[in-house]
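# Observations on the model geometry
If you want the building blocks of each chain, they are given just below.
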Amino acid sequence: MIKISALEEVRGNSKELVEKEFKKLTEEILKNYKAKLLYEEEEENELYTKIGEFEVEFNNFKEYIDFCLRYTPDVEVLKPDKLVLDVKEVNDILSYIIVFFREFINKYRIGFNVIMKENINLNVEEYKKGKLSEEEILSYLNEGYVRTKIVLEGRGKDEETVLRNLIYTLEEDNIKVRKVATINEAEKGFEGFVGLDILCKPLDLFILAYKYLPVALSIEEEKLKLSLSDIQDIGNELGGAIFELSHAAVRSLF
């Protein structure tokens, strides 16, 4: 069971409209989750703002993720201190996140850009053969990294350029790339799939899911161990990501 405290905020020019939307939001959360409203307050400056703190309990990690995606809250996890998920549950949740963001992005035609670098000095052949030794892999695992496989769509002027950019971009975010392989479906240039064996921290799994929208993403461990801070960071990261996309979508309408 996961228990959180979540802040929800509704803001606008019309006090009447904000009150109405806050009431609707409250009723929705109380109906769909085991939740209670701890307090509510209002602020009147340039805009009228209604803020509420909710205490919410979830039976499982997927319910928690679903809440964070749908209500984009500022989450404080109260318990548990740690959580252990089996591989099937983790992979199902990662797939759910990918589908959720892909549907949002397809609907509103807005998404995250992954900035690619130029003139990168990186030996792609090392990664094709397998770059990390067993001792290095074990060292990263002891530091809390997770063995992961990811398949991404890629396109560019040639395979080496695509791989060089992708590996560099991932490793800039402290993800360790072990090995890469490709399937090129283009007669000229590169347009196909890139498979990567990587090592990453638990939070990175969820960032990879929403930011890169991979064709496939799965952990290679039997269990995924999450600390309280991991659970909290994952919820806030996903909530923040959908909040950012939602505001970008609204701004694009004007």
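Everything here concerns the structure above.
So, here's what we can say about the structure. (Residues numbered from 1 in each chain as written. Predicted model: local features only at pLDDT ≥ 70, side-chain atom pairs only at ≥ 80, totals over all residues. Heavy atoms only, no water.)

## Here's the deal with the sheet that holds strand β8 (residues 190-200)
Spatially, β7-β8-β6-β9 is the arrangement adopted by the four strands of the open sheet, whose pairing is antiparallel. Taken across any chain shown, the strands that pair with only one partner, and hence form the sheet edges, are β7 (176-184) and β9 (216-219). Mean inter-strand twist for the sheet, computed between neighbouring axes without regard to direction, equals 20°. Where β7 meets β8, eight bridges bridge the pair, whose relative direction is antiparallel. In the strand pairing of β8, Ile183 is matched with Phe193. With respect to the sheet, helix α6 (residues 159-172) is in contact with β6 (146-156), β7 and β8, its orientation differing from that of β7 by roughly 150°. (Pairing = 2+ DSSP bridges. Helix = DSSP H or I, 4+ residues; strand = E, 2+ residues; numbered from the N terminus. Axes fitted to C-alpha atoms, helices over the stretch in contact; angles between N-to-C directions. Contact = heavy atoms within 4.5 Å.)

## A look at the environment of Tyr127
On the secondary structure map, Tyr127 appears in helix α4 (residues 124-129). Here the alpha-carbon distance between Tyr127 and Leu217, two residues 90 residues apart in the chain, equals 19 Å. With residues up to four places along the chain from it excluded, the contact list for Tyr127 reads Leu122, Ile167, Glu171, Val177, Arg178, Lys179 and Val180.

## Quick word on the packing of aromatic side chains
Evaluated as defined, the whole model comprises 14 aromatic pairs. Among the aromatic residues, those joined into a cluster by ring pairs are Tyr33, Phe58, Phe61, Tyr64, Phe67, Tyr71 and Phe206. Above the face of the Tyr96 ring, Lys62 is positioned so that its terminal group lies 4.8 Å from the ring centre. (Phe/Tyr/Trp six-rings, centres within 6.5 Å; stacked < 30°, edge-to-face > 60°. Lys NZ or Arg CZ within 6 Å of the ring centre and 35° of its normal.)

## What to know about the pattern of salt bridges
In the structure shown here, the tally under the stated rule is 14 salt bridges. Lys34 is paired through a salt bridge with Glu57; the nearest N and O atoms lie 3.2 Å apart. A residue pair is termed long-range when its members are at least 10 positions apart, and Lys34 in strand β2 (residues 34-44) and Glu57 in strand β3 (residues 48-58) qualify at 23 residues. With a shortest N-O distance of 3.7 Å, Glu191 and Arg155 are connected by a salt bridge. Placement of the pair is Glu191 in strand β8 and Arg155 in strand β6, with a sequence separation of 36 residues. (Salt bridge = Lys/Arg side-chain N within 4 Å of Asp/Glu carboxyl O.)

## As for the nonpolar core
Counting 73 residues, the largest nonpolar core has Ile4, Phe61, Tyr64, Phe101 and Leu196 as its most contacted members. In terms of residues, this core owes the most to one element, helix α3 (residues 87-108), which gives 10 residues. Once residues within four sequence positions are removed from consideration, Leu196 is found in contact with Thr148, Lys149, Ile150, Leu152, Leu166, Leu170, Val177, Lys179 and Val180. (Core = buried A, V, L, I, M, F, W, Y, C linked by side-chain atoms within 4.5 Å. Buried < 20%, exposed > 50% of the residue type's maximum accessible area, 1.4 Å probe, protein only.)

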